[in-house]
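Results of the structural survey
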Amino acid sequence: MSQYILSIDQGTTSSRALLFDERGQHVATAQQEFKQYFPEDGWVEHDANEIWLTTLNVCREVLQDYDTSLVKAIGITNQRETTVIWDRKTGEPIHPAIVWQDRRTAAFCEELKVQGFEETINKKTGLLIDPYFSASKIRWILNEVEGARERAEAGELAFGTVDSYLLWRLTEGKSHFTDATNASRTSLFNIETQQWDEELLKIFDIPSALLPEVKDSSDDFGECAAHWFEAVLPICSMIGDQQSALVGQACFAPGMVKSTYGTGCFMVLNTGAQLIRSQSRLLSTVAYRVNGQVTYALEGSIFVAGAAIQWLRDGLQLIGHARESEQLAEQVGYENPVYLVPAFTGLGAPYWDPNARGALFGLTRDTGIAEIVTAGLQAVCYQTRDLLSAMERDGAEVSALYVDGGMVVNDWVTQFLADVLNVNVERPAIVETTALGAAYLAGLRVGMFASLEEIRKLWALDNRFVPALDRHTADQLYSGWLEAVERVKSQGSSATG
Ligand code: ADP
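Source: prediction; values computed, not measured.

Time to look at the layout of surface pockets. By volume, the second largest pocket amounts to about 280 Å³. Together, 14 residues line the second largest pocket, and Y288, V290, N291, Q293 and L452 are the ones closest to its centre. Of all the secondary-structure elements, those providing two or more residues to the lining of the second largest pocket are β16 (283-290), β17 (293-302), α15 (433-445) and α16 (452-458). By residue number, the principal contributor to the lining of the second largest pocket is β17, which donates three residues. When the residues that make up the lining of the second largest pocket are grouped by side-chain class, the tally is six nonpolar, six polar and two charged.

This is the structure:
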């Protein structure tokens, strides 16, 4: 009889519950979307209660056909940085959750830069100063909600990212914990000492009484209250979504790197026990913490990956479905390349140019829909090379890229990736890597998996894409991309790439 791990994958637009068995096979899924709130320009909020209720619903749905006595543990992976502050007595949030995408604290972050805090913050957290991370969002809630600061100082309130809030609700207030990966995205956590940092708390003006205790990513986080699922299930892992995908891809050795291609693209490189400080404006972060041992990562993100294909489909209406892009690209050769720089909301790593805007280059009378759509697919691959080059400049030696996400069903994209990067591109059999990572770490805690090495053996290949294009053509195509990027950069932005 199989045993199972229940993995909660709490994302930005939906909550999902997935069951995995002891071989890491995915056996059931339930998913529920929830509402996005945009109260002002640049603001993005979620209702934390709705996050909790949709999570509860999908867990119940996925468990209904299974004997809960066979479910050995729960693992949680989550949208990172999103900030919740709640009343310790009632569990009620005192303000809507401020989502990672929210830019309301941009002015304050600029002020911190002007005051010269960037170096301190970067050194301690591995992050840049940006509204993206939780600290400035916490400060905003404490300043804007009446009485919040006094109540926080008196110990009446709790802060958490979404992992912590779900844990609090599952355990009915018995557990106030987070894990080292989620902590590392708050901008309050010193990733070297693995402690909340007094100096950072002072810079952001945040009382330490708010904070959860930080545990390993695979640990004892408490037990869920019996009435939720008519069973007492232990919660044995918590890990941020991108780090969880790294674990789900079993990238446990230094130099192993995964890239997830959804709306955007997140690339995470395992750097082992070594904390590498990027010279190319990548983020240093915690990959996972197991048995008290920290594994570090370098991370780079691209804002627009699959979103460019959505734009070609919905905005320009050049295609009816994303999958049509594959057939079109197969018709296009490499002479007279067209470049689409999809800097719709600026450029992310390693350029960090929020004011750059998109452009199409290289149009001729022969340019048609196929060429423009191909340029959209290629842009995602070129941007991956930008990130890979940055990682290599920081000392990484990469021989293979492990890919996942909705876009990598497209064989043309995975082949062109291999061609442009000149590394093997490995697509796993199980593409639910985010949920799988949390399941692995929970299973590790309860002995379902013996070790990370054992988990590595469960990773199975769907397809390997080997570089086939001649190097000269590949490098020429890429240098054309670099020229195109130069031309969209905003005035005054420096070339950090
Ligand atoms: P997210 O989790 O960010 O919502 P998914 O992992 O579900 O994203 O991936 C969806 C994205 O992948 C969409 O942006 C879509 O345009 C893109 N996509 C889906 N199928 C294909 C395909 N066959 N070729 C290219 N892009 C695709």
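Moving on from the coordinates now.
For the rest of this paragraph, the subject is the site of the ligand. Surrounding the ligand, one finds 14 residues, the nearest of these being T263, G306, Q310, G406 and N410. Interatomic distance of 2.7 Å between a side-chain N/O atom of T263 and an oxygen atom of the ligand. With respect to the ligand, the side chain of S325 contributes an N or O atom lying 3.5 Å from a nitrogen atom. Counting residues per element, the shell around the ligand draws most heavily on helix α11 (residues 306-315), at four residues. Residue classes in the shell around the ligand are distributed as five nonpolar, eight polar and one charged.

As a further point, take unusual backbone geometry. Here the bond from A349 into P350 is cis, since omega is -5 degrees, no more than 30 degrees from zero. Residue W352 is not a glycine yet carries a positive backbone phi of 50 degrees.

Taken as a whole, this structure holds three cavities of 30 Å³ or more when the rule is applied. At three residues, helix α4 (residues 134-144) tops the list of elements feeding residues into the lining of the largest cavity. The class makeup of the residues in the lining of the largest cavity is seven nonpolar, four polar and one charged.

Further remarks concern the nonpolar core. Grouped together as the largest cluster of nonpolar side chains are 60 residues, with contacts concentrated most on Y261, V341, L401 and W481. When residues in this core are grouped by element, the largest group, 12 residues, is from helix α13 (residues 369-393). When neighbours within four sequence positions are excluded, W481 is seen to be in contact with Y339, L340, V341, P342, Y351, A379, Y382, Q383 and D386. In terms of nonpolar packing, the next biggest core, distinct from the first, is built from 40 residues, V84, W86, C224 and F229 among them.

Looking at where D130 falls in the secondary structure, it is placed in the loop between α3 (118-125) and α4. Looking at D130, its side chain comes within polar contact range of the main-chain nitrogen of Y132, at 2.9 Å. Once you skip the residues sitting within four places of it in the chain, D130 turns out to touch R103 and C109.

Now for the pattern of salt bridges. Per the counting criterion, the structure on display carries 30 salt bridges. Across the pair R149 and D205 runs a salt bridge, and its minimum N-O distance is 3.6 Å. Residue R149 is located in helix α5 (residues 148-153), and its partner D205 is located in the loop between α8 (198-204) and β12 (213-215); the two are separated by 56 residues in the primary sequence. Overall, D205 belongs to the partly exposed group, its relative accessible area being 41%. The shortest N-O distance in the salt bridge between E486 and K489 comes to 2.9 Å. Among the residues examined, K489 registers a relative accessible area of 14% and is labelled buried. Connected through salt bridges with shared partners, the residues R80, E81, R185, D241 and E299 form a single ionic network.

What counts, and where the lines are drawn
Per chain, the residues get numbers from 1 upward, laid out in the order the sequence is written. For this predicted model, a pLDDT threshold of at least 70 governs which residues receive local features, and a threshold of 80 or more governs which side-chain atom pairs are given and counted, while totals over whole chains, interfaces and linings are taken from all residues. Calculated side-chain values reflect all of the structure's heavy atoms, with hydrogen atoms and water omitted. Computed over the protein atoms alone on a 1 Å grid, cavities are sets of points where a 1.4 Å probe fits but cannot get out and pockets are open sets with protein on both sides within 12 Å along at least five of seven lines; a residue lines them when it has an atom within 4 Å of a point. Grid points are joined across faces, edges and corners, and a volume is the space filled by probe spheres set on the points. Secondary structure elements are taken from DSSP: a helix is a run of H or I of four residues or more, a strand is a run of E of two residues or more, and numbering for both begins at the N terminus. Each residue is assigned to one class: nonpolar for Ala, Val, Leu, Ile, Met, Phe, Trp, Tyr, Cys and Pro, charged for Asp, Glu, Lys and Arg, and polar for all the others, Gly among them. Whether a residue is near a molecule or strand depends on its heavy atoms: it is near if one of them lies within 4 Å of it. Any pair of N or O atoms that falls within 3.5 Å is considered a polar contact. Within protein, one atom must be able to donate a hydrogen and the other to accept it, and sequence-neighbouring residues count only if both atoms are side-chain atoms. What we call a nonpolar core is a set of buried Ala, Val, Leu, Ile, Met, Phe, Trp, Tyr and Cys residues that are connected through their side-chain atoms within 4.5 Å. Here the term buried applies to any residue with accessible area under 20% of the maximum for its type, exposed to any over 50%, and partly exposed to those in between, with areas from a 1.4 Å probe on protein chains only. Should any heavy atoms of two residues lie within 4.5 Å, those residues are considered in contact. Here a salt bridge means any side-chain nitrogen of Lys or Arg lying within 4 Å of a carboxyl oxygen belonging to Asp or Glu.

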